[in-house]
Amino acid sequence: MKRHFILLISIIIILSSCAKPISDFSYKVKGSYAPAKVQFENKCTNANEYEWDFGDGKKSDKASPSHTYGSSGNYAVVLKAKKGKKVVNKEYNVFIPAPNNCLVEIETDYGTM
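Residues numbered from 1 in each chain as written. Predicted model: local features only at pLDDT ≥ 70, side-chain atom pairs only at ≥ 80, totals over all residues. Heavy atoms only, no water.

A. The packing of aromatic side chains, seen in detail. Enumeration according to the criterion identifies eight aromatic pairs in this entry. Centroid distance Phe25 to Tyr92: 4.9 Å. Interplanar angle 80°. Geometry classified as edge-to-face. Of this pair, Phe25 sits in strand S1 (residues 25-30) while Tyr92 sits in strand S7 (residues 86-96), and the two are 67 residues apart along the sequence. For the pair Trp52 and Phe54, a centre-to-centre distance of 6.4 Å together with 15° between the ring planes defines the contact as stacked. For the pair Trp52 and Phe54, a shared accessibility class is recorded, and that class is buried. Every member of this aromatic cluster is reached through a ring pair, and the members are Phe25, Tyr27, Phe40, Trp52, Phe54 and Tyr92. (Phe/Tyr/Trp six-rings, centres within 6.5 Å; stacked < 30°, edge-to-face > 60°. Helix = DSSP H or I, 4+ residues; strand = E, 2+ residues; numbered from the N terminus. Buried < 20%, exposed > 50% of the residue type's maximum accessible area, 1.4 Å probe, protein only.)

B. Representation of the sheet that holds strand S2 (residues 36-42) in the model. Reading across from one edge, S1-S2-S5 is the order of the three strands in this open sheet, with antiparallel pairing throughout. Looking at the sheet topology across the chains shown, the edges are occupied by S1 and strand S5 (66-69). Between one strand axis and the next, the sheet turns through 25° on average, direction left out of account. With four bridges joining them, S2 and S5 adopt antiparallel strand pairing. Within the sheet, the bridge partner assigned to Lys37 lies in S5 and is Thr68. (Pairing = 2+ DSSP bridges. Axes fitted to C-alpha atoms, helices over the stretch in contact; angles between N-to-C directions.)

C. Region of interest: the pattern of salt bridges. Enumeration according to the criterion identifies three salt bridges in this entry. Note that Glu51 and Lys80 form a salt bridge whose closest N and O atoms lie 4.0 Å from each other. Here the residue Glu51 occupies a position in strand S3 (residues 49-53), and Lys80 occupies one in strand S6 (residues 73-83), the gap between them amounting to 29 residues. Note on Glu51: relative accessible area 25%, which makes it partly exposed. On the basis of relative accessible area, Lys80 is assigned to the partly exposed category, the value being 29%. Note that Glu51 and Lys82 form a salt bridge whose closest N and O atoms lie 3.1 Å from each other. With Glu51 in strand S3 and Lys82 in strand S6, the pair connects residues that are 31 residues apart, well separated along the chain. Since its relative accessible area comes to 21%, Lys82 is described here as partly exposed. The structure contains a network of salt bridges with shared partners spanning Glu51, Lys80 and Lys82. (Salt bridge = Lys/Arg side-chain N within 4 Å of Asp/Glu carboxyl O.)

The values reported here are purely geometric and, on their own, carry no functional implication.
Structure, rendered in structure tokens:
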């Protein structure tokens, strides 16, 4: 009886360690228009590495990053949840509305204005 119990526990541990990750996230836009800061909340399970693509050329490997979109638009945000060689993607569109008044952002070698 005790051996059956140990065998059952061992099988459960092996199967759970082989399970692929589940990728999911939510987000909250802070501000009503561009430039807007977006806080991403990672809701992945069974993953130990993350790769975010914010849809504007920027990336992150943090679990729950924040990102600032300087321009309005519709951005396809992709989260890759990784566990070993297993990778699962989740994609949502993040819409950042345009401001009522025109804003200009200038990037120089000395900083952003």
